[in-house]
Each structure stands twice: as structure tokens, then as C-alpha cells.
Amino acid sequence: MTTPSEALRLNGLDALFHGHPDGVCVVDLSGRFVESNRAMLELIGYAPEQLTGMPFSRLLHPDSVDYTMAQFREALAGRNRRYVTRIVTPEGLIRLLDVTIIPVRGEDGEVAAVLAIARDIGDVERAATAAAG
């Protein structure tokens, strides 16, 4: 029988990745999507087969490209980053995202990929604007 600690070690990261309510994905060193959870797919409006291998920069709003790519370079250099960016969905919707990116290191200690967690904060911003009247 598997103990809870063993289950956490075996399945905890997978459960966290796929069960997280925010969008979670892994991109390779060139910025291409490797894996995404269902929440990420819903957030950005792509099917898994469309997203896998696509450069994340393709999603960025033109005004957000330079800043977001600078944040990605920081993650490649081994630093966690948190920032706000805008993306454009396939339907042309602009989404404002709060993004945290975390370098994922291989057994050799070198950055091998980047984990991203993204949350749509546009609704929060719109509600705050409406409340301010």
C-alpha cells in the first residue's frame, strides 16, 4: 500500500500541475510550449495539439513582447520572476495576465525549462475600475 508521503512524491507534482485552478505550463529553453494544464488551455484558447511546440511569444500582445521576453531571459538566467503581461487569444480577445515564472533545473543544476503559472486578472481590474466609479 502506498503511504500519503509516497503518493505525494509520486503524484503530487502531477496533481498540482494538472489540478491547479490557474494556467500552468512548461516551456523549453527556446520558449516553446512543452506541456500545459487544462486551465492554461482554457485561458489562452488553444487545443493541446495546437499549443505544443508553439512559441509562447506568439500569444503576446505587441505592446507586451519586449517586457515579457526580458522576464523570460531572467528565468533562463535562473531567477524567478513575477510580472503582468497581455496576450491575444485566437478569437482576438486581449487578456491581462499575472504571471509567475520559475526556472526548472536539471540534475546538472542547469536551467532545463521554465514553469509558468498565469492568472487572468482582467476581471479584477475591470471590477476595481467599476467600483471606483
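Residues numbered from 1 in each chain as written. Predicted model: local features only at pLDDT ≥ 70, side-chain atom pairs only at ≥ 80, totals over all residues. Heavy atoms only, no water.

A.B. asks: So, the nonpolar core: which residues are in play, and what are the values?
C.D. replies: In terms of nonpolar packing, the biggest core is built from 23 residues, with Val-27, Phe-33, Ile-44, Leu-51, Leu-59 and Ile-101 touching the most fellow members. Those elements that provide at least two residues to this core are strand S1 (23-27), helix H2 (38-44), helix H4 (65-76), strand S3 (81-88), strand S4 (94-105) and strand S5 (111-120). Counting residues per element, this core draws most heavily on H2, at 4 residues. Apart from the residues lying within four places of it in its own chain, the contact partners of Ile-101 are Gln-71, Phe-72, Ala-75, Arg-79, Asn-80, Arg-81, Tyr-83, Val-114, Leu-115 and Ala-116. (Core = buried A, V, L, I, M, F, W, Y, C linked by side-chain atoms within 4.5 Å. Buried < 20%, exposed > 50% of the residue type's maximum accessible area, 1.4 Å probe, protein only. Helix = DSSP H or I, 4+ residues; strand = E, 2+ residues; numbered from the N terminus. Contact = heavy atoms within 4.5 Å.)

A.B. asks: I'd like to hear about the environment of Phe-33, residue by residue, with values.
C.D. replies: Note on placement: Phe-33 falls in strand S2 (residues 33-36). In the structure, Phe-33 is positioned 22 residues away from Pro-55 in sequence and 6.3 Å away in space, judged by C-alpha atoms.

A.B. asks: Pulling in residues and values, what's your account of the pattern of salt bridges?
C.D. replies: Throughout the structure, instances matching the rule amount to 5 salt bridges. Between Arg-79 and Glu-74 there is a salt bridge, with the nearest N and O atoms lying 2.5 Å from each other. Assessed through its relative accessible area of 40%, Arg-79 is described here as partly exposed. In this structure Glu-74 comes out as partly exposed when scored by relative accessible area, which is 26%. (Salt bridge = Lys/Arg side-chain N within 4 Å of Asp/Glu carboxyl O.)

A.B. asks: Kindly report on the environment of Glu-35, identifying the contributing residues and their values.
C.D. replies: One can find Glu-35 in strand S2. Glu-35 gets classed as partly exposed once you look at its relative accessible area, which sits at 38%. Each C-alpha atom, one on Glu-35 and one on Val-24, is 8.5 Å from the other, the two residues being 11 residues apart in sequence. In this structure, Glu-35 is in contact with Phe-17, His-18, Val-24, Cys-25 and Val-26, ignoring residues within four places of it in sequence.

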